[in-house]
Each structure stands twice: as C-alpha cells, then as structure tokens.
Amino acid sequence: KHAGPAQVVRELPHHGHTSKFEHGRIGYNLRPDELQALVLRLKLRHLEANNARRRNVARRYAEKLGPKVRLPGQRADCEPVHHLFPIRVARRDELRTHLEERGIGTGIHYKIPAHLQPALREQPHRALPCPVTERTCNELVSLPMYPELTDEQIDYVAGHVRAFVEREPAPAR
C-alpha cells in the first residue's frame, strides 16, 4: 500500500506512526506547537527538581517491588531521569488487569520491537530474529511515573505489583 503525500506529512512528525504501536516509515519527533513550547519553557525552571523527584520515585519503586520484578537497567556512568518506569513481568497483560481493577494505570511503550516495525522491514541487518528483544517487548509494562507521585501512591502501586508477582515463580534473570 502506497501512502499519498498527505499521509506521509501526517506520519513524519510523529516518528512515522501509522497506529499506536506501528511505524510505517522512519519519522521524526516534530510535534510541539507554539503553546506547548511556551509551557515547556516555563516548566524548564523546575526541570532539575522534577528530575530529582523522578529518581526518588524510581528508588522507592526499586525498594518496594521486591526481587521477582525485573527493573530497568542502569549504567554506573549515567544518571537516569526515568521519564518512564518500565518493569518486566512474565504475565504482563494479567498484571495490567490486576492493577487496573485497583485504579492503577499502566502503559505499554514498546509493544512491537524495532526490527519488526514496517519502517525497518527493508533494513537487512534488522531482518534476523531477536528472541530476547521480542520476549522483553512481551513482558514490559510501564508503571506510573511523574514527579508529583506521593510516597503513599508509590507504595500502593508497588504493593499491588508485588502481591501479583509473588503468586508466580521467580523469573529467570
């Protein structure tokens, strides 16, 4: 299926998205308009404090989630900001339902691995199976992550994640 110029113009500014989880072409991140730019400029004053709070939220999650939850990796030479907090669990979709029933929203941000995206189909070095990547994409779920989360909210989320995963065998690391 060949996209017309209007479709290409709609897809390019949003990373080439053709749907929520699929990229039809290699695109760009060109989405902010003038109003968004103004808001972001004002928020810039709070960037350092918000980044510090996100790191604290991530630390608290790590303390409270327990050993059966696989956490995001962290390099020693980097200081992450944690704009997302993805965890890996074997029964991701069941966990999402469990959390949703308790008023906890989650997200899936990497449902389709990059090497399986239509935009990269023609890239021969991407054509090989990537079983670890594919398994990871089936296990990733993002927990709530924003600077305004209270310790009580973090504990509530972590407690329900932990209760869910402790009913299943420990994952292979």
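Conventions adopted
Numbering of residues starts from 1 in each chain and follows the order in which that chain's sequence is written. Local features in this predicted model are restricted to residues whose pLDDT is 70 or higher, and side-chain atom pairs enter the listing and the counts only when it is 80 or higher, whereas totals over whole chains, interfaces and linings include all residues. Only hydrogens and water are removed before side-chain values are computed, so all heavy atoms of the structure are retained for them. Numbering of helices and strands runs from the N terminus; a helix is a DSSP stretch of H or I covering at least four residues, while a strand is a stretch of E covering at least two. Residue contacts follow a heavy-atom distance rule, with two residues in contact if any of their heavy atoms lie within 4.5 Å. A simple rule labels every residue: compare its accessible area, found with a 1.4 Å probe on the protein chains alone, to the largest value its type can have, and call it buried under 20%, exposed over 50%, or partly exposed in between. DSSP bridges decide pairing: two strands pair if at least two such bridges lie between them. To obtain each axis, a line is fitted to C-alpha atoms, and for helices this fit is confined to the stretch in contact; angles are then taken between N-to-C directions over 0 to 180 degrees. Each helix crossing is assigned a hand: it is left-handed if the near helix lies turned anticlockwise from the far helix by less than a right angle, otherwise right-handed if that turn is clockwise. Under the scheme applied here, ten amino acids are nonpolar (Ala, Val, Leu, Ile, Met, Phe, Trp, Tyr, Cys and Pro), four are charged (Asp, Glu, Lys and Arg), and all others, including Gly, are polar.

Colleague: Is there a simple way to think about the side chain of Arg55 in this case?
Modeller: Among the secondary structure elements, Arg55 is positioned in helix α3 (residues 47–65). Excluding residues within four positions of it along the chain, Arg55 makes contact with Glu79, Pro80, Val81 and His82.

Colleague: Looking at this model, I keep getting lost on the environment of His98. Mind explaining?
Modeller: Mapping His98 onto the fold places it in helix α4 (residues 92–100). Remark: the alpha-carbon pair of His98 and Arg88, spanning ten residues in sequence, is separated by 15 Å.

Colleague: Just checking my understanding: could you explain the pairing of strand β4 (residues 140–143) for this structure?
Modeller: Consecutive residues of a regular strand have side chains that alternate between opposite faces of the sheet. Alternating residues of β4 divide into Leu140 and Ser142 and Val141 and Leu143, and every residue in both groups is buried. Pairing analysis gives four bridges linking strand β3 (residues 85–88) to β4, with the strands arranged antiparallel. Among the inter-strand pairings, Pro86 is bridged to a residue of β4, identified as Ser142.

Colleague: Can you walk me through the packing of α3 against helix α6 (residues 151–165) in this structure?
Modeller: Each pair of packed helices gets described by two things: the angle between the helix axes and the distance between those axes. Axis separation between α3 and α6 bottoms out at 9 Å; the angle between their running directions is 35°. As α3 packs across α6, the resulting crossing turns out to be right-handed. Together, Arg53, Val57, Arg60, Tyr61, Lys64 and Leu65 of α3 and Asp151, Ile154, Asp155, Val157, Ala158, Val161 and Arg162 of α6 make up the contact between the two elements. Grouping the constituent residues of the contact of α3 with α6 by class yields seven nonpolar, no polar and six charged.

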